[in-house]
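As a plain string of letters, each chain reads:
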Amino acid sequence: MTRNARVLEVILRSAGRGVAITRLQKLAYMADLLAWRTLGRPISELRYARDRHGPHDGALYSARDELVEAGLANLSEGTTKDGYDFKLVTLSPVAGQGSHDLTAGELHIINHVVQRYLSMDLGELLNDVVYKTTPMTKVERRGGLLPMEAEKNKDSNELGGISLEQVLRSREEFARGEYVTLDQLKAELSEK
């Protein structure tokens, strides 16, 4: 399975319900943008261009189709209350947990993006969030590639070079009881 299909599967699994293709594209974009800003790299292999409805990469459809052909997702059609047609992508009930090679940081970012933007009104998500992101504001012409690389490590650098992956590893170690108490640290420092 391609990386893009695995990313969509993780987004859908995190959502816990079907997601319309337009929103799925924006969730992937926001996850990749946040990953550029905190991890210094994207999660997916999508390359976003400015389109009429925001950042877009047609490769998302191939990834969606890959999930459907593998029996991991289903497609259904619907109409919004405003009369717009949409395609809903839903994980198949028989889809297992799936295997992926995403890091703890990438999974954390996807879960954060889904939690924050899944239920947001689509117009609000587009107008108040997506269209105002720096890569979208840098490209005026339709079809122009968004300069995602320019966002590399911006959030990490603003926080003094903090590593999301290291923070998550440290949390796991702490939860397993792998830590040093203040008294132990003091004793170790006084020995030196």
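Scroll up a little and you will see the structure.
Worth saying up front: this structure is predicted, and the values here are computed from it rather than measured.

### Here we look at the nonpolar core
Residues Ile11, Leu24, Tyr29, Ile43, Ile109, Ile110 and Tyr117 are the most contacted members of the largest nonpolar core, which totals 45 residues. Elements with a contribution of two residues or more to this core: α1 (3-15), α2 (21-39), α3 (59-69), β5 (85-91), α4 (104-117) and α5 (122-129). Per-element tally for this core: the top contributor is α2, with 11 residues. Not counting residues up to four positions away in its chain, the partners in contact with tyrosine 29 are Tyr48, Pro55, Val130, Thr133, Pro135, Met136, Leu146 and Met148.

### A short note on the environment of valine 113
Locating valine 113 in the fold gives a position in helix α4. When its relative accessible area of 2% is taken as the criterion, valine 113 is described as buried. Sequence separation between valine 113 and isoleucine 11 is 102 residues; the distance between their C-alpha atoms is 8.9 Å. Leaving out residues up to four positions away in the same chain, valine 113 has contacts with Leu27, Met30, Ala31, Leu34 and Leu118.

### Quick notes on the pattern of salt bridges
Two side chains with opposite charge may pair up if their charged atoms get near one another. The tally for this structure, following the rule as stated, stands at 11 salt bridges. In this structure, arginine 3 engages aspartate 101 in a salt bridge whose closest nitrogen and oxygen atoms are separated by 2.9 Å. In this pair, arginine 3 is assigned in helix α1 and aspartate 101 in the loop between β5 and α4, connecting sequence segments 98 residues apart. Judged by relative accessible area, arginine 3 falls into the buried class, the value being 16%.

### Brief notes about the side chain of serine 156
Tracing the sequence through the fold places serine 156 in helix α7 (residues 154-158). At 2.7 Å, the side chain of serine 156 and the backbone oxygen of isoleucine 162 are in polar contact. Residues contacting serine 156, with those up to four places away along its chain left out, are Arg37, Thr38, Gly161 and Ile162.

### What to know about α5
Helical geometry note: an α-helix holds 3.6 residues per turn, so side chains three or four residues apart project in the same direction. What α5 keeps buried is the set Leu125, Leu126 and Val129. Down the axis of α5, the buried side of the element spans an arc of 115°, and every buried residue falls inside it. Residues of α5 that are buried make contact with α2 and α4. The N-capping residue of α5, defined by a side-chain oxygen 3.1 Å from the backbone nitrogen of glycine 123, is aspartate 121.

### Quick look at the packing of α1 against α2
Axis separation between α1 and α2 bottoms out at 11 Å; the angle between their running directions is 105°. On the basis of the axis angle, α1 is roughly perpendicular to α2. Here Leu8, Ile11 and Leu12 of α1 lie close against α2, whose contacting residues are Leu24, Leu27 and Ala28. Its residues assigned to classes, the contact of α1 with α2 shows 6 nonpolar, no polar and no charged.

### Description of the side chain of serine 92
Note that serine 92 resides in the loop between β5 and α4. Among the polar contacts made by the side chain of serine 92, one reaches the main-chain carbonyl oxygen of glycine 71 at a distance of 3.3 Å. Residue contacts for serine 92: discarding those within four places in its chain leaves Gly71, Leu72, Ala73 and Asn74.

The rules we used
Residues numbered from 1 in each chain as written. Predicted model: local features only at pLDDT ≥ 70, side-chain atom pairs only at ≥ 80, totals over all residues. Heavy atoms only, no water. Core = buried A, V, L, I, M, F, W, Y, C linked by side-chain atoms within 4.5 Å. Buried < 20%, exposed > 50% of the residue type's maximum accessible area, 1.4 Å probe, protein only. Helix = DSSP H or I, 4+ residues; strand = E, 2+ residues; numbered from the N terminus. Contact = heavy atoms within 4.5 Å. Salt bridge = Lys/Arg side-chain N within 4 Å of Asp/Glu carboxyl O. Polar contact = N/O pair within 3.5 Å; in protein donor to acceptor, adjacent residues only side chain to side chain. Arc of directions from axis to C-beta. Axes fitted to C-alpha atoms, helices over the stretch in contact; angles between N-to-C directions. Parallel < 35°, antiparallel > 145°, perpendicular 65-115°, else oblique. Nonpolar A, V, L, I, M, F, W, Y, C, P; charged D, E, K, R; others polar.

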